[in-house]
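Remarks on the overall topology
One-letter residues, chain by chain:
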Amino acid sequence: MEVLIQNVSYITWQMLVMWGIGGVLIYLAIVKQMEPTLLLPMGFGAILVNLPVAVEGTGVQHVLDALFSIGIDGAELFPLMLFVGIGAMIDFQPLLTNPKLMIFGAAAQFGIFFTLALASLLGYDLRDAASISIIGAADGPTSIFVATELGSKYLGAIMVAAYSYMALVPLIQPPIIKLCTTKAERKIKMQYKGKPVSKTTKILFPIVVTVIVGIVAPDAVALIGFLMFGNLIRECGVMQSISETAQNALANLITIFLGITIASRMKAADFLQVDTLIIIGLGLVAFVFDTFGGIMVAKLMNLLTKEKINPMIGAAGISAFPMSARVVHKLGLEEDNQNFLLMHSVGVNVSGQIASVIAGGLILALVKAEIGG
Amino acid sequence: MRVDLLMEALPIMGTGYLGIFIVTGVIIGIITLLTKLTKR
């Protein structure tokens, strides 16, 4: 009885707030089915690490610390392993059919750099500003990788923001897209020229991209290498069962462990700070300006080229794969039920996946050069 | 407001965003070449 009273006395209002946040994440995962493999363990973990017993430093915290140390802090094992699964999921055919789509993938990284400037202006040092800005990569593993490499003290908030916004892409992007485009622009139909792509090209693509990135942006090579390794498993044609395992079992298991490991950094004392709110706000700014950047470059290309591009596909250059492509496709159909943008938006979306990793590598290289790390 | 930190970040912002387009351009070029070379 005495122990029970003692444990109850440890409960603080901050813990109760974190239980509430955990409950919201679990609600979103189960009822709204938003990224359940990630939000469910994150929500449960947020409750778990904010129990009085956890504060006392019992086994729970030790296990979570061990997972954090192996999976994130040390060799960044979780984000890299997750990239093998993501690589195995991605079919790069729409991109290989029309490589020019990669321009929009590059353009839609604008939010990262805009947020870097904004976070710096708000007083975050270069290391933290860069780590916060990479939320705009719309790619959880890249955000974790960069923030860990740069040793940001806001890793917990960055991870939560990155994954939450990825899940919220269907809510964030449509109003921005509508604000940046006219009805006539959203109705532009694009012909899909489904040229066949040889198996040799599909096999050589991941190898060639890894080599190019390895030479041009070496800091991104771990991320791009594992992403492309997953894709090579998919495309080689002789590892079908492994490819399916990587896409499903491996990716889901790693995501679950990643979710609960992220939650280990959601302790009330660290998480309930003004900085967390600012970082979550800056993450939203990054997503908004990513979308804006992609659309604006598409509009610019419309001024320069004869064949018109639906500027909405520029918004799919935000990495969040495949939600962003689906959002754009759905908006196209809303304007005109015969306007099928899926293949174009998927091509741009997978380009965004590559471009966000390159952006992460470039940020790492440039910031390390500046701070001498 | 820390204008000094902003000034420190601006060159990274410019170089980084431009850098993505350069790397992307190289990849587009290589993919186009690869597709042509492996066309059946």
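Overview of the structure.

Calculation notes
Residues numbered from 1 in each chain as written. Chains lettered and ligands numbered in written order. Predicted model: local features only at pLDDT ≥ 70, side-chain atom pairs only at ≥ 80, totals over all residues. Helix = DSSP H or I, 4+ residues; strand = E, 2+ residues; numbered from the N terminus. Buried ≥ 20, exposed ≤ 12 C-beta atoms within 10 Å, placed from the backbone. Contact = placed C-beta atoms within 7 Å. Core = buried A, V, L, I, M, F, W, Y, C linked by C-beta atoms within 7 Å. Axes fitted to C-alpha atoms, helices over the stretch in contact; angles between N-to-C directions. Parallel < 35°, antiparallel > 145°, perpendicular 65-115°, else oblique. Left-handed = near helix turned anticlockwise from the far one by under 90°. Nonpolar A, V, L, I, M, F, W, Y, C, P; charged D, E, K, R; others polar.

1. Topic: the overall build of chain B
Per the secondary structure count, chain B includes 1 helix and 0 strands. Taken along the three principal axes of its C-alpha coordinates, chain B extends 60 × 10 × 5 Å. The buried share among the 40 residues of chain B stands at 30%.

2. Notes on the environment of Asn-248 of chain A
Mapping Asn-248 of chain A onto the fold places it in helix 17 (residues 240–263). Remark: the alpha-carbon pair of Asn-248 of chain A and Gly-85 of chain A, spanning 163 residues in sequence, is separated by 7.4 Å.

3. Quick notes on the environment of Ile-318 of chain A
All names here are of chain A. As for its position among the elements, Ile-318 is in the loop between helix 20 (312–315) and helix 21 (323–335). In this structure, the C-alpha to C-alpha distance between Ile-318 and Phe-287, residues 31 residues apart in sequence, is 7.7 Å. Not counting chain neighbours up to four residues away, the residues in contact with Ile-318 comprise Ala-108, Ala-138, Phe-287, Asp-290, Thr-291, Gly-294, Ser-324 and Gly-352.

4. Points about the nonpolar core
Ranked by size, the top nonpolar core spans 146 residues in total, and within it Ile-158, Ile-358 and Ile-363 of chain A carry the most contacts. Ranked by residue count, the leading element in this core is helix 22 (residues 342–371) of chain A, at 15 residues. Look past the residues within four positions of Ile-358 of chain A in its chain and what remains in contact with it is Val-213, Ala-217 and Ala-220 of chain A together with Ile-20 and Val-23 of chain B.

5. Observations regarding the packing of helix 5 (residues 59–74) of chain A against helix 17 of chain A
Residue and element names in this part refer to chain A. At a minimum axis distance of 9 Å, the contact between helix 5 and helix 17 shows a crossing angle of 120°. Taken together, the axes of helix 5 and helix 17 lie oblique to each other. Crossing of helix 5 over helix 17 shows left-handed handedness. Here Leu-64, Leu-67, Phe-68, Gly-71 and Ile-72 of helix 5 lie close against helix 17, whose contacting residues are Phe-257, Leu-258 and Thr-261. Grouping the constituent residues of the contact of helix 5 with helix 17 by class yields 6 nonpolar, 2 polar and no charged.

Geometric values such as these leave the question of function open.
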